[in-house]
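Below are the chains, spelled out letter by letter.
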Amino acid sequence: MADRIARVARERSLKTLAQRLFVIEEPEAERKLQLAEAALLRANPELATPEGFASGKAIVIPGDIGLPRTDRVIAARADAGGILDETGTRLELAGRVLSDRFAASGKATERGLARLGDRAFAQQVRRALPESAELASKAREALAKRQEEDKTRAERFAKALDEAQERLAALRALAERQR
């Protein structure tokens, strides 16, 4: 479970990022580096692509992997500003995770629709199941309905996330005035 967060700065490789986020020393520095890289990649699959290293991007720092963290890892600050900053970053991370899930679901639905539209597949199914035309039609309808529902859910989620970030910004402004 992730309990910390960090932001990508100028790092453009998993190795460099791991070295800047974890204290990696001898003995077994190479093994520790590999452990840190693997843990970062599991927690942040987007780091497998160059786009995952956008400056300022929030990333999840994996829970206890047995390596001390550097001061680049954001620890929760007890003051209101720190709590609100961390909340904003965690909202951003949650948005990314759910957005990725919506995208994966959409791709799976598209693959299903494409498979149902494949003539070779349809011929195979007709040979195995005489009533397959009716079943395929119902499956296409169900997938199309799912696609629309997922799109609606994704839009509602994006809107809710934007509203949450706006309200969080208002809370930050209030906290600043209280100083």
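Keep in mind that this is a model prediction, so the values were computed, not measured. (Residues numbered from 1 in each chain as written. Predicted model: local features only at pLDDT ≥ 70, side-chain atom pairs only at ≥ 80, totals over all residues. Heavy atoms only, no water.)

Caption draft 1: Expanded view of the overall build of the protein. Each helix and strand counted, the protein has five helices and two strands in total. The order of α-helices and β-strands along the protein, N terminus first, is β-α-α-β-α-α-α. Expected size for 179 residues packed as a compact globule is a radius of gyration near 16 Å; at 23 Å, the protein overshoots this value by more than 25%. Viewed in the frame of its principal axes, the protein has a C-alpha envelope of about 70 × 50 × 25 Å. Here the protein holds 179 residues, and 28% of them are scored as buried. Across the protein, the fraction of contacts at a sequence separation of at least 24, relative to all contacts at a separation of at least 6, is 73%. For the protein, the accessible area works out to roughly 11,800 Å², and carbon and sulfur atoms hold 54% of it. (Helix = DSSP H or I, 4+ residues; strand = E, 2+ residues; numbered from the N terminus. Rg over C-alpha atoms; globule rule 2.2 N^0.38 Å. Buried < 20%, exposed > 50% of the residue type's maximum accessible area, 1.4 Å probe, protein only. Contact = heavy atoms within 4.5 Å. Areas by Shrake-Rupley, 256 points an atom, 1.4 Å probe, with all protein chains shown as cover.)

Caption draft 2: Geometry of the packing of aromatic side chains. A complete count under the given rule lists one aromatic pair for this structure. Ring centres of F102 and F157 lie 6.1 Å apart, and the angle between their planes is 50°; this geometry places the pair in the tilted category. In this pair, F102 is assigned in helix α3 (residues 80-117) and F157 in helix α5 (residues 132-177), connecting sequence segments 55 residues apart. (Phe/Tyr/Trp six-rings, centres within 6.5 Å; stacked < 30°, edge-to-face > 60°.)

Caption draft 3: Representation of the packing of helix α1 (residues 14-21) against helix α2 (residues 29-43) in the model. With their axes 9 Å apart at the nearest point, α1 and α2 run at an angle of 105° to one another. For the element pair α1 / α2, the angle class is roughly perpendicular. Residue-level inspection shows L14, K15, L17, A18, Q19 and L21 of α1 in contact with α2, the latter providing L33, A36, E37, L40 and L41. When its residues are assigned to classes, the contact of α1 with α2 shows eight nonpolar, one polar and two charged. (Axes fitted to C-alpha atoms, helices over the stretch in contact; angles between N-to-C directions. Parallel < 35°, antiparallel > 145°, perpendicular 65-115°, else oblique. Nonpolar A, V, L, I, M, F, W, Y, C, P; charged D, E, K, R; others polar.)

Caption draft 4: Spotlight on the nonpolar core. L17, L21, F22, L40, L47, I59 and I61 are the most contacted members of the largest nonpolar core, which has 18 residues in total. Within the residue set of this core, elements represented by two or more residues are α1, α2 and β2 (58-61). Setting aside residues up to four positions removed in sequence, L40 forms contacts with L14, L17, A18, L21, F22, L47, V60, I61 and P62. (Core = buried A, V, L, I, M, F, W, Y, C linked by side-chain atoms within 4.5 Å.)

Caption draft 5: Representation of the pairing of β2. Burial along β2 is two-sided: the residues A58 and V60 and I59 and I61 are all buried. Relative to β2, strand β1 (residues 4-7) runs antiparallel, the two sharing four bridges. Directly across from R7, in β2, lies its bridge partner A58. (Pairing = 2+ DSSP bridges.)

Caption draft 6: Region of the structure containing unusual backbone geometry. Following E26, the chain continues to P27 via a peptide bond in cis, the omega torsion being 0°. Looking at where P27 falls in the secondary structure, it is placed in the loop between α1 and α2.

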